[in-house]
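Spelled out, the chains give:
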Amino acid sequence: KQEVTQIPAALSVPEGENLVLNCSFTDSAIYNLQWFRQDPGKGLTSLLLIQSSQREQTSGRLNASLDKSSGRSTLYIAASQPGDSATYLCAVSPPEAWNTGKLIFGQGTTLQVKP
Amino acid sequence: DTGVSQDPRHKITKRGQNVTFRCDPISEHNRLYWYRQTLGQGPEFLTYFQNEAQLEKSRLLSDRFSAERPKGSFSTLEIQRTEQGDSAMYLCASSHDTIYEQYFGPGTRLTVT
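Residues numbered from 1 in each chain as written. Chains lettered and ligands numbered in written order. Predicted model: local features only at pLDDT ≥ 70, side-chain atom pairs only at ≥ 80, totals over all residues. Heavy atoms only, no water.

A. Structural view of the overall build of chain A. Across its full length, chain A carries zero helices and eleven strands. Counted from the first residue to the last, chain A has its helices and strands arranged as β-β-β-β-β-β-β-β-β-β-β. Within chain A, the proportion of its 115 residues that are buried is 45%. The contacts in chain A between residues at least 6 apart in sequence include a share of 55% that link residues at least 24 apart. Accessible surface computed for chain A: about 5400 Å², of which carbon and sulfur atoms make up 48%. Across chain A, 9 positive and 9 negative side-chain charges occur, with their mean positions spaced 3 Å apart. (Helix = DSSP H or I, 4+ residues; strand = E, 2+ residues; numbered from the N terminus. Buried < 20%, exposed > 50% of the residue type's maximum accessible area, 1.4 Å probe, protein only. Contact = heavy atoms within 4.5 Å. Areas by Shrake-Rupley, 256 points an atom, 1.4 Å probe, with all protein chains shown as cover. Lys, Arg positive; Asp, Glu negative; His and termini not counted. Charge placed at Lys NZ, Arg CZ, Asp CG, Glu CD.)

If you want it as structure tokens, here you go:
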């Protein structure tokens, strides 16, 4: 059974710092991995999608990497800003993604960026 | 706005009542998903539609829960005889048939008193 873990559960950093959020999964057989952002009481915003054949994806100040063999992904945020404060969730899609809708989520890392 | 929309955004109901939520996906997406999220947890998969066909249901979806997507466009999720344990955020997402990147709506927060 696939399990997704995000460590740490919470993180507080001063503005301007570069930071890394971690995501690990127990079964390396995945179709893709998505990183999401969730503001309090809101829905999820898709940040980056990495296909299983890819090693990384970049969008602005965000860079996500994927190491399937070790079951790990990282989300790197450069030059953090107070507006980056939110909960960040990673989710994996099983290899039979063509036949199932299921995303399996971690519990998230709640980030606070202090001015 | 062409994103996923959900209605209502908030629902407060008394235990034992029935509730129904609506989700309108992105128009060109033929896949639609429902998830449930409790405080401090990641979303948990409930069910999935491809067009009007419900292809997968989680064990979390008890007999009191039913979902439909009658014309392959919007979807409804009904909870009968609500219990306090049903209190959660109910999230809807949609995706294209071949790209699989899921886009989420704002969610419906259910509180059962």
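Now, onward.
B. Layout of the environment of B:R22. Residues and elements named next belong to chain B. Structurally, R22 is set in strand β3 (residues 19–24). Along the chain, R22 and Y103 lie 81 residues apart, while their C-alpha atoms are 16 Å from each other. Apart from the residues within four sequence positions on either side, R22 is in contact with S5, Q6, D7, W34, F74 and S75. Within the structure, the side chain of R22 is placed 2.7 Å from the side chain of D24, a separation counted as a polar contact. (Polar contact = N/O pair within 3.5 Å; in protein donor to acceptor, adjacent residues only side chain to side chain.)

C. The nonpolar core, seen in detail. Membership of the largest hydrophobic core comes to 23 residues, with the highest contact counts inside it found for A:L33, A:W35, A:L75, A:I77 and A:Y88. Put simply, the parts of the chain that give this core at least two residues each are β3 (19–25), β4 (32–38), β5 (44–51), β7 (62–67), β8 (72–77), β9 (86–93) and β11 (109–114) of chain A. Among residues more than four places away in sequence, those in contact with A:I77 are A:E17, A:N18, A:L19, A:L21, A:R61, A:L62, A:D84, A:Y88 and A:L111. In terms of nonpolar packing, the next biggest core, distinct from the first, is built from 19 residues, B:W34, B:A67, B:L77 and B:C92 among them. (Core = buried A, V, L, I, M, F, W, Y, C linked by side-chain atoms within 4.5 Å.)

D. Up close: the environment of A:T58. All names here are of chain A. Locating T58 in the fold gives a position in strand β6 (residues 56–59). With 47 residues separating them in the primary sequence, T58 and L11 have C-alpha atoms 22 Å apart. Beyond its immediate stretch of four places on either side in the chain, T58 contacts L48 and N63. Side-chain polar atoms of T58 contact the side chain of N63, separated by 2.8 Å.

E. Just the sheet that holds strand β7 (residues 65–68) of chain B, in detail. All names here are of chain B. The strand order across the open sheet built from four strands is β1-β3-β8-β7, with neighbouring strands paired in antiparallel fashion. With one partner strand each, in any of the chains shown, β1 (5–7) and β7 form the two edges of the open sheet. On average, each strand axis in the sheet is tilted by 15° relative to the strand beside it, whichever way the strands run. Note: β7 against strand β8 (residues 75–79), four bridges, orientation antiparallel. Its bridge partner lying in β8, S66 is registered against E78. (Pairing = 2+ DSSP bridges. Axes fitted to C-alpha atoms, helices over the stretch in contact; angles between N-to-C directions.)

F. Spotlight on the sheet that holds β6(A). All names here are of chain A. Strand order in the open sheet made by the five strands is β1-β3-β8-β7-β6, with antiparallel pairing throughout. With one partner strand each, in any of the chains shown, β1 (4–7) and β6 form the two edges of the open sheet. Averaged over all pairs of adjacent strands, the angle between strand axes in this sheet comes to 15°, irrespective of strand direction. As judged from the six bridges shared by β7 and β8, these two strands associate in the antiparallel manner. The partner of L62 across the bridge, within β8, is I77.

G. Main features of the packing of aromatic side chains. Enumeration over the complete set of coordinates arrives at eight aromatic pairs over all chains. Relative to B:F104, the ring of A:F36 lies with its centre 5.3 Å away and its plane at 85°, an arrangement referred to as edge-to-face. Taken together, the positions of A:F36 in strand β4 and B:F104 in strand β10 (residues 103–104) put the pair across two chains. Note on accessibility: A:F36 and B:F104 belong to one class, buried. Between B:Y35 and B:F45, the aromatic rings sit 5.9 Å apart at their centres with planes inclined by 75°, giving edge-to-face as the arrangement. Pair noted here: B:Y35 is in strand β4 (residues 31–37) and B:F45 is in strand β5 (residues 44–50), with a separation of ten residues, a long-range link. (Phe/Tyr/Trp six-rings, centres within 6.5 Å; stacked < 30°, edge-to-face > 60°.)

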